[in-house]
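# Fold and contact review
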Amino acid sequence: MEWIKVFSPATIGNIGPGFDVLGLAVGGWGDVIEARKIDSGILISEIEPEHDLPTDPNENTAGIAAREVLKLLSLNGGVELKIKKGLPSGSGLGSSAASAAAAAFATNHLYGEKLSKADLILPATKAEEYVSGGFFADNTAPCLLGGATLTRSKLPFDVTKIGHIDNLRIILVTPDVIVLTREAREMLPDTVSLDGFINNMANSCLISAAFAKNDYDLFARSVNDVVIEPIRAQLIPGYAEVKENALKAGADGVAISGSGPTLFAITNHTNSRPFLIEDAMVRTFKKYGIGSRSIITEIDSVGTRLID
Ligand code: HSE
């Protein structure tokens, strides 16, 4: 049977203060899944490059998402998946969500596209839940839909796209440190201070407004997480200095992407030297003996899609 190829972008989820709520798809990096129909069951026949991810479809987010989509479609057919990981696991770039979204999209496409992209968010999020220990759609939703999304991953479940910021340029730096989402969630406290809550709520609401109004400056003033970031920063060696140096090099804001260790810095298109920010961040990690990979990129407005 014929193979199809699907790309799913990296995501920043959470965007700064919007813990489990605000997510953003970013261009350049992502996972690719090749898929074809088989008579029954889910088969993961390949994971590249060599990875420690399970090929058991019940333990892999791609396999679980494909299974959930087949269940939704009430079909007896199956699907074979070849996963090409562009996003390292434990990087804070929505790696498990990207594989889940791509597999959900591919399965739906192979079986007649009866579901919309929005319908695929729940199956992909269930898959993400299996590996992360939490039910949150701030990676799966932007990954599938593209752009920035707001999600309430509680009942009633809600997802909405929130506009675009044309002037936004994003610098992603992923240090060679693994942070497992499950562990980065377990370290969070059960309660937070009222002051922290008010701060993060204000910043999250204003980020939503910034996307709705296409207002880069409002976004830049609001990318500040005073609740989660100070705790998770402990997992990223050199974090405070990397952030300080990025700001000195011209970034208008810096925060942890998802549960880390990737950091994202922001600047706008008026800044003709975004590479200075990237360089400052990479070099500071190096000072701590940590290599990293980096990219200067923008919003991915399309989300999960078929490719040639
Ligand atoms: N919102 C989740 C977290 C995303 O920050 O734990 C993890 O990728």
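Higher on the page you've got the structure.
For the structure given in this document, a descriptive report is provided here. Every residue gets a number counted from 1 within its own chain, in the order that chain's sequence is written. For a predicted model such as this one, the threshold for reporting local features is a pLDDT of at least 70, and the threshold for listing and counting side-chain atom pairs is 80 or more; totals across whole chains, interfaces and linings nevertheless cover every residue. Excluded from the side-chain calculation are hydrogens and water; included are all heavy atoms of the structure.

### Examining the packing of helix H1 (residues 61-72) against helix H3 (residues 121-132)
Where helices are involved, their axes are fitted lines through C-alpha atoms of the stretch in contact, as for all axes, and angles between N-to-C directions lie from 0 to 180°. Secondary structure counts use DSSP, requiring at least four H or I residues in a row for a helix and at least two E residues in a row for a strand, with both numbered from the N terminus. Direction vectors running N to C along H1 and H3 enclose 145°, while the axes themselves pass 8 Å from each other. Along this stretch, H1 crosses H3, giving a crossing that reads as right-handed. On H3, the residues that touch Thr-61, Ile-64, Ala-65, Glu-68, Val-69 and Leu-72 of H1 are Pro-123, Ala-124, Lys-126, Ala-127, Glu-128, Tyr-130 and Val-131. For the contact of H1 with H3, the class distribution of residues is nine nonpolar, one polar and three charged. Here a crossing is taken to be left-handed if its near helix is turned anticlockwise relative to the far helix by less than a right angle, and right-handed if that turn runs clockwise. A contact between two residues is defined here by any heavy atoms of the two lying within 4.5 Å. Three categories are distinguished: nonpolar for Ala, Val, Leu, Ile, Met, Phe, Trp, Tyr, Cys and Pro, charged for Asp, Glu, Lys and Arg, and polar for the others, with Gly belonging to the last.

### Some details on helix H10 (residues 274-287)
Expected span of a helix, by definition, is 1.5 Å for each gap between consecutive residues, and there is one gap fewer than residues. Its 14 residues place the ends of H10 20 Å apart at the C-alpha level, agreeing with the 20 Å of an ideal helix rising 1.5 Å per residue. Among the residues of H10, those classed as buried are Pro-274, Ile-277, Glu-278, Ala-280, Met-281, Thr-284 and Phe-285. The arc enclosing the buried residues of H10, seen along the axis, measures out at 160°, which places them on a common side. Away from its buried face, by an angle of more than 90 degrees, H10 presents the exposed residues Arg-283, Lys-286 and Lys-287. Gly-289 sits one or two residues past H10 and shows a positive phi near 80°. For the exposure calls, accessible area comes from a 1.4 Å probe over protein chains only, and a residue counts as buried if that area is under 20% of its type's maximum, exposed if over 50%, partly exposed in between. The arc refers to the directions leading from the helix axis to the C-beta atoms.

### Concerning the nonpolar core
Residues belong to a common nonpolar core when they are buried Ala, Val, Leu, Ile, Met, Phe, Trp, Tyr or Cys residues joined through side-chain atoms within 4.5 Å. By size, the foremost hydrophobic cluster in this structure holds 65 residues, and its most contacted members are Leu-24, Leu-81, Leu-168, Phe-211 and Phe-219. The element that contributes the greatest number of residues to this core is helix H2 (residues 95-110), accounting for nine residues. For every domain, the bounds stem from an assignment made automatically or drawn from a database. When residues of this core are assigned to domains, at least three map to each of domain 1 (4-163) and domain 2 (169-297). Dropping the residues within four chain positions of it, Leu-81 is found in contact with Ile-33, Glu-34, Ala-35, Ile-42, Leu-43, Ile-44, Ser-45, Glu-46, Ala-62, Gly-63, Ala-66 and Ala-103. Val-177, Ile-236, Val-242 and Ala-251 belong to the second largest nonpolar core, which has 19 residues in total.

### A look at the sheet that holds strand E7 (residues 168-175)
Sheet strands line up and pair through hydrogen bonds in the backbone, either parallel or antiparallel. The pairing criterion for strands is at least two bridges between them, as found by DSSP. Here we have four strands laid out as an open sheet, ordered E8-E9-E7-E10, and antiparallel in their pairing. The open sheet has two edge strands, strand E8 (253-256) and strand E10 (292-297), and neither has a second partner. Between one strand axis and the next, the sheet turns through 20° on average, direction left out of account. Bridge analysis of E8 against strand E9 (residues 263-268) gives four bridges, and the strand direction is antiparallel. Counterpart to Val-254 in the pairing with E9 is Ala-265.

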